[in-house]
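One letter stands for each residue in the lines below.
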Amino acid sequence: MGFYQDINVTYGYSTMRNLKDVANINIKLANLRNRRNFLLRCRKNNLVPPHITSGVHNVENLTNTATGSLLRRTLNFNRRLRNSILNLEIKITHETVLSFEKTLTSLKSKLVTILPTYIITEFYRKLSINYSRRFFKVKKQNQKKFQNLILTQSKKIISQPNWIKNLTDIEIPQDIKNFLALGPKFSIQPCLKDINVPHLLADIDYIVDKSKIQNKNLILSKSCNLVTNFLHNDNNFNNHLNVTFNRTKKFLKENPNIRVINSDKMNVTTIMTTSQYESLANDILKDSNYYKVLRRDSSNTIQQKANKFISNLVQNNILTENEGKTYRNYNGVINKFYGLPKIHKPILSLRPIISGVNSPNREVAQLITDILSIAYKNDNNFFVKDSFQFCNFINEFQLPPNHIIISLDAKALFNNISCTTAINSITKHWIDISKCCKLTLSQFIQAIEFLYDSTVFSFSNNIYKQIQGMPMGSPVSPILAQYVMDDLVEACMNKLSFQIPFLKKYVDDFILSIPHNGINEILQVFNHYDELVQFTIEEEDSNRSVPFLDSRLIRRENNSLITSWKNKK
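Quick notes on the rules
Residue numbers run consecutively from 1 along every chain, following the written order of its sequence. The predicted nature of this model means local features are confined to residues of pLDDT at least 70 and side-chain atom pairs, given and counted, to a pLDDT of 80 or more, with totals for whole chains, interfaces and linings taken over all residues. Each side-chain value is derived from all of the structure's non-hydrogen atoms; neither hydrogens nor water enter the calculation. The pairing criterion for strands is at least two bridges between them, as found by DSSP. Only DSSP runs of H or I with at least four residues qualify as helices, and only runs of E with at least two residues qualify as strands; both kinds are numbered from the N terminus onward. To get an axis, a line is fitted to the C-alpha atoms, and for a helix only the part in contact is used. The angle between two axes follows their N-to-C directions and goes from 0 to 180 degrees. By salt bridge we mean one thing: a side-chain nitrogen of Lys or Arg within 4 Å of a carboxyl oxygen of Asp or Glu. Note on exposure labels: buried denotes an accessible area under 20% of the residue type's maximum, exposed denotes more than 50%, and partly exposed covers the range between, all computed with a 1.4 Å probe on protein chains only. To pair, rings of Phe, Tyr and Trp, with the six-membered ring standing in for Trp, must have centres within 6.5 Å; the planes then decide the type, stacked if under 30 degrees apart, edge-to-face if over 60, and tilted in the middle. As a reminder, the over-ring test applies to NZ of lysine and CZ of arginine, requiring each to be within 6 Å of the ring centre and within 35 degrees of the ring normal.

A. Local environment of the sheet that holds strand 9 (residues 462–466). Across the sheet, five strands lie side by side as 4-9-8-5-6; this open sheet has mixed pairing. Each of the sheet's edge strands pairs with one partner strand only, and the pair in question is strand 4 (291–294) and strand 6 (350–355). Across this sheet, the average inter-strand angle for adjacent strands is 40 degrees, counted without regard to direction. Bridge count between strand 5 (residues 335–341) and strand 6: six bridges; the pairing is antiparallel. Bridge pairing links Gly339 to Pro352 in strand 6.

Structural data, given as structure tokens:
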């Protein structure tokens with residue numbers, strides 16, 4: 001006879017039935033506890049099991065027809081519905097586990113009073129073996145199912161091998177490499193532990209207070225409401241991207257000699273070692289024509305001079321008291337230097353960038369920038385706002401016979417526009433500029449000279465000062481360069497021996513048409529305007545095309561022009 005039959009003969013049918021119930025519940029608990037763990041893990045990682053997704057399939061079809069705000073409401077409804085079903089299933093599974101555990105405890109209590117100790121001990125030993133065998137079998141199945149869910153979600157985020165370039169000898173795990181390839185503009189939902197809420201609220205208050213928007217209290221109220229909703233959002237948990245993000249942070253922390261930098265062009269994530277990066281940066285900063293090392297941080301001195309300049313404008317009734325408060329700065333920090341690797345060049349180098357966020361002279365620079373931006377006449381014949389405006393202008397443009405298209409590019413423009421050149425342009429356009437401000441020409445020139453003389457930044461525990469060129473990292477430089485380049489183009493075009501059908505510029509990038517034999521003349525004329533501002537030329541390629549901004553200008557055989565969009569990746 002078998003075990004259960006022996007129990008039936010010796011201790012009765014009721015005892016045998018209780019033993020079979022204990023064995024069955026034991027196996028069910030192995031399944032249910034695994035299921036509960038799987039569902040909890042899915043919820044933690046913002047994953048929806050397939051059986052729930054298929055259950056709301058008909059509801060998700062609504063997203064195919066909804067648009068605008070209705071689409072957003074439909075997506076939110078689907079998300080809440082899936083999460084509600086998942087939470088309900090977790091709750092049901094958990095309560096079932098508790099119920100079975102309670103029943104199991106009750107049955108075991110009865111068996112202890114009926115069966116001898118040696119039978120109970122042996123029976124429980126076999127139960128434990130069967131439980132473990134079943135538990136780990138189901139666990140393996142659920143782990144495979146979970147990995148498939150992760151893989152399915154990961155496939156929705158597409159990255160290409162050429163989106164990342166590793167210049168080091170360090171082997172980077174493939175999932176981390178794919179994540180880094182998404183670039184700095186790819187956004188994931190942050191976790192609560194990644195947010196310092198007091199600092200976030202302080203930053204919001206500072207930004208709103210410094211802005212010129214109306215209804216500041218309303219904006220602050222809405223911002224605080226957004227933060228509050230996020231804090232109380234029951235869906236604020238990690239998903240698989242956050243998991244990869246945390247793995248990436250851990251990897252970079254364990255490899256402190258790695259630098260992850262966006263490239264200068266083509267938007268490629270570049271991996272460099274710290275020694276590579278600092279060596280290239282120091283090659284730039286050791287040029288004594290542009291930079292010099294300072295013994296100490298002069299940010300406080302620059303901030304005091306900036307505030308004194310603003311106070312003088314308030315005393316002379318050029319600015320109101322409220323405007324004076326807006327343009328004064330009491331918590332400025334030194335600029336930070338960094339570089340973007342030029343991986344598209346034959347020889348690797350960096351494009352120098354200075355971050356001037358909250359710099360000591362930021363408010364004075366913003367005041368001058370606002371005035372120049374309002375006064376600037378962007379309806380001139382050379383100005384182009386963006387690629388779209390350029391394409392609208394140039395498509396089907398008909399060139400005269402024997403004309404080609406070329407592009408001119410100013411070499412390190414911001415580093416080579418001197419203070420004297422900038423002031424000359426300001427003076428030339430002062431009639432228009434003066435209509436947009438109450439400053440005198442002398443006060444305006446004083447502000448420009450101050451900005452040119454106060455570009456101080458830090459890099460690798462050293463303090464540097466820029467001694468030539470426009471203030472890097474300052475908001476005033478781009479608009480000031482527009483004035484200088486307009487004057488340059490106007491002066492140079494008057495010196496040419498031929499007419500130019502069109503010329504369009506975007507800061508330091510020019511595209512134009514000239515006679516096929518005018519290349520040497522135009523390069524000579526443009527390079528003689530200012531000994532510091534020098535240009536390189538790019539002629540048509542074999543397809544009679546030249547790149548400009550995000551597009552490529554193509555000259556057809558009949559000399560008409562068309563554009564095509566240029567893919568940077």
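Picking up where we left off.
B. Spotlight on the pattern of salt bridges. Considering all chains together, one arrives at 14 salt bridges under this definition. The partner of Arg35 in a salt bridge is Glu89, and the shortest N-O contact between them spans 2.1 Å. Remark: Glu89 occurs in helix 5 (residues 68–114) and Arg35 occurs in helix 2 (residues 13–44); sequence separation between them is 54 residues. Residue class for Arg35 comes out partly exposed when judged on its relative accessible area of 33%. A residue is classified by how much of its surface remains accessible, and Glu89, at 15% relative accessible area, is buried. Here Arg556 ties to Glu396 by a salt bridge, and the two come within 3.1 Å at their closest N and O atoms. Of this pair, Arg556 sits in the loop between strand 14 (551–555) and strand 15 (561–565) while Glu396 sits in the loop between helix 15 (387–394) and strand 7 (403–410), placing them 160 residues apart in sequence.

C. Quick look at the packing of aromatic side chains. All told, the structure shown has 22 aromatic pairs when counted by the stated rule. Seen in terms of ring centroids, Tyr291 and Phe457 are 5.8 Å apart; in terms of plane orientation they differ by 90 degrees. Their pairing is edge-to-face. Here Tyr291 is found in strand 4, whereas its partner Phe457 is found in strand 8 (residues 456–459), with 166 residues between them in sequence. Look at Tyr291 and you get buried, because its relative accessible area is 4%. Here the aromatic rings of Phe393 and Phe397 are separated by 5.8 Å at their centres, their planes lie at 40 degrees, and the arrangement is tilted. When its relative accessible area of 34% is taken as the criterion, Phe393 is described as partly exposed. Residue classification places Phe397 among the partly exposed residues on the basis of a relative accessible area of 21%. Sitting above the plane of the Tyr4 ring, Lys20 keeps its charged end 5.4 Å from the centroid. Lying across the ring of Phe393, Lys504 places its NZ or CZ 4.4 Å from the centre.

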